[in-house]
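Descriptive structure summary
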Amino acid sequence: MNRLLYRIIQVAVILCFYLVPYLLLAEVKGFELFATWIGLTVIAGVMSLFELWKKR
Amino acid sequence: MVRVEFTVLLGLHILAGTLLALISRKYFTRNLRDYYTTSSRLGALLSAGTYAATTYSAFMMVGLVGMTYATGVGALGFELLYLASTVILLSTIGYRIWMLSREYKWIAPSQMLRDLYNSNALSLIVAAIYLFAMIPYLAAQIQGLRAMFSYGGLGSAEATVISAILVYLWIFIAGMWSVALTDTYQGFLMLTGGLLYLCWALHHAPASGVSSAELFRVLSSNGYLGLTSFWSFTTFLAYTLPWAFFAVTNPQVIVRLYVPRDERAYKKSVTYFYFYGFLYTLIVVLIGLVAAGLALRGVIPQGMQWDSVTPYLLNSMHPLLGSFIAVTVIAAAVSTANSIVLAVSGSVVSLLTRRTLTLARTIDAVLVAASAIVALMGVGFIVDLSVLTSVILLPLAPVTILGVYKHNRTSKVKAHFAIMSLIIGVGLGTYYALVLGPRRAFREVVSGLPISAWILLVSGLVLLVGYTIEAIRKRPTTL
């Protein structure tokens, strides 16, 4: 995966932190918001650490 | 009345930390680069341990628990956004900073910016900004421990003196070596304390007649699993923006990018830090949610001040457990405070031509003493200013990011505009702090955006103008 794609995904993840809760999940009654933020953090972590470990 | 369990555990903690600090002396070569950065000789575990313990202060077990208790799951989004953006920054610009630090052998972030922009004036201004922003933050750390010492039956004067001595002692012994080793030990304590706190909370609920199902039901029906009214979009933005750029604005974490000994150690340390941060955040937020549920069911009081929740719950525990957790909170504050002292002192020392270890240690002592005096005097405005520390440092984000990525093409124009962007950005934050008071300034919305967003936009724009002017100047003219 090239660097530009990594950046796009990373920026998208951060934007989702703001947009998904306020557009979709503001009034949830279950663990949807909890799980969403955890999921986004996992994606950010996996993408970033994968990119980091590939660097030489 | 002094709590015996607390005194004994605190004494054991001080003894253990001091022994570890003394052990680290055998690695200390007594030159300034070693004092501030271990001459980039730290392995992955210590690099990660010191980064984690420096980043995560007493705010987690006291402030974040209270924030979650009061505002619900929105606090998780706030804290996880910090972690997500930090792991992104550490994997990108952080890696570059680590590589460059091996070439330039920096001891402080202000020195880094001096070299990236080829400007002594810039490093002077950055060091001044660090002093302005970080002393209130240091004072707030020391003052914030009063509640934990009060749990142990000790007064605010004793709390301040013990905290200040502890902060200074573990720096004095071997600089970054003793700080990194004690940080890693304290990071382990913090996680252990968090896990025990959570286990207690999960046990306390059913023991008080509130099952897990009932906890979930009451949190859900009261909107705590969604965005409560506290978390308007602008409030969420106000809280998250300064923390999203924390890894490239706060000197105590930037300097920790200089310490890993090789590429593998750097990569492993970022990985370890990520997992630690994830686990610690989840633990703390779950504690806060359980506390919120217990409050809604009337087991504990509702409407407590955020910082009062943990002290209240500690008093509900067995004194040995409560004392252990209180000591881990002290560990969290001390590990953050001494890292800040070392980083700010490094920024001051790097400005001087005559640099000695004695001078470095003297500056450390002055910083600790100044913060302790501010904390003891209870100068409200100064301590409140700590709330704005990361906002005041925000203009450093674009300056650092562009500086690192464009460091091969320095120019006076870029340096001047970097200085202007810092002065304007910090000036804006200070203006609103004076006019509105720091706490109100932090959440104030101006034309639909929080002040932190304006600071970032304005200072970033000023810097970009400088880069654009330079690009136009350097454009080859056609003949």
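Our subject in this report is the structure included herewith. (Residues numbered from 1 in each chain as written. Chains lettered and ligands numbered in written order. Predicted model: local features only at pLDDT ≥ 70, side-chain atom pairs only at ≥ 80, totals over all residues. Heavy atoms only, no water.)

With respect to the side chain of B:D183
Formally: Secondary structure counts use DSSP, requiring at least four H or I residues in a row for a helix and at least two E residues in a row for a strand, with both numbered from the N terminus. Here, two residues are considered to be in contact whenever any of their heavy atoms come within 4.5 Å of each other.
The topology assignment puts B:D183 in helix α11 (residues 176–207). Those residues in contact with B:D183 that sit more than four places away from it in its chain are B:G49, B:T50, B:A53, B:T54, B:R256, B:S335, B:N338 and B:S339.

As for the packing of aromatic side chains
Residues and elements named next belong to chain B. We apply this condition: Here a pair means two rings of Phe, Tyr or Trp (six-membered ring of Trp) with centres within 6.5 Å. Their orientation is stacked below 30 degrees between planes, edge-to-face above 60, and tilted elsewhere. Whether a residue is buried, partly exposed or exposed follows from its accessible area with a 1.4 Å probe, protein chains only, as a fraction of its type maximum: under 20%, in between, or over 50%, in that order. Only Lys NZ and Arg CZ are tested; either one counts as a charge over a ring when it is within 6 Å of the ring centre and within 35 degrees of the ring normal.
Under the definition given, this model contains 39 aromatic pairs over all chains. Between Y27 and W177 the ring centres are 5.4 Å apart and the planes differ by 20°, which places this aromatic pair in the stacked class. Of this pair, Y27 sits in the loop between α1 (4–24) and α2 (32–37) while W177 sits in helix α11, and the two are 150 residues apart along the sequence. W177 gets classed as buried once you look at its relative accessible area, which sits at 7%. In this arrangement the basic side chain of R3 is found over the ring face of Y151, its NZ or CZ atom lying 3.9 Å from the centre.

Here's the deal with the interface of chain B and chain A
We count it as follows: Take the accessible area each of two parts loses on contact, using a 1.4 Å probe, and add the two losses: that sum is the buried area. Salt-bridge detection follows one rule: a side-chain nitrogen of Lys or Arg within 4 Å of a carboxyl oxygen of Asp or Glu. Ten residues, namely Ala, Val, Leu, Ile, Met, Phe, Trp, Tyr, Cys and Pro, are considered nonpolar, four, namely Asp, Glu, Lys and Arg, are considered charged, and the remaining ones, Gly among them, are considered polar.
Chain B puts 43 residues into the contact, and the matching count from chain A is 28 residues. Approximately 3,100 Å² of surface area, both sides summed, lies buried where chain B meets chain A, with 75% of it carried by carbon and sulfur atoms. In terms of surface lost to chain A, no three residues of chain B exceed B:I88, B:L227 and B:K267, which account for 19% of the buried area on that side. Our count for the chain B to chain A interface comes out at zero salt bridges. Contributing elements (two or more residues each) for the side of chain B that touches chain A: α5 (74–91), α6 (93–104), α12 (212–221), α13 (233–244) and α16 (263–296) of chain B. Tallied by class, the residues present in the side of chain B that touches chain A amount to 26 nonpolar, 12 polar and five charged.

Observations regarding the environment of B:V387
Residues and elements named next belong to chain B. Position of V387 among the secondary structure elements: in the loop between α20 (380–385) and α21 (389–392). When the C-alpha positions of V387 and A133 are compared, they lie 9.7 Å apart, and in sequence the two are 254 residues distant. With residues up to four places along the chain from it excluded, the contact list for V387 reads P438, R439 and F442.

Considering the nonpolar core
Note the cut-off: In these notes, a set of buried Ala, Val, Leu, Ile, Met, Phe, Trp, Tyr and Cys residues joined through side-chain atoms within 4.5 Å is what counts as a nonpolar core.
Membership of the largest hydrophobic core comes to 186 residues, with the highest contact counts inside it found for A:W37 and B:Y117. When residues of this core are assigned to their parent elements, the largest contribution, 17 residues, is made by α16(B). In this view, A:W37 contacts A:F17, A:P21, B:V73, B:G74, B:L76, B:G77, B:L80, B:L227 and B:F236; residues no more than four positions away in its chain are not counted.

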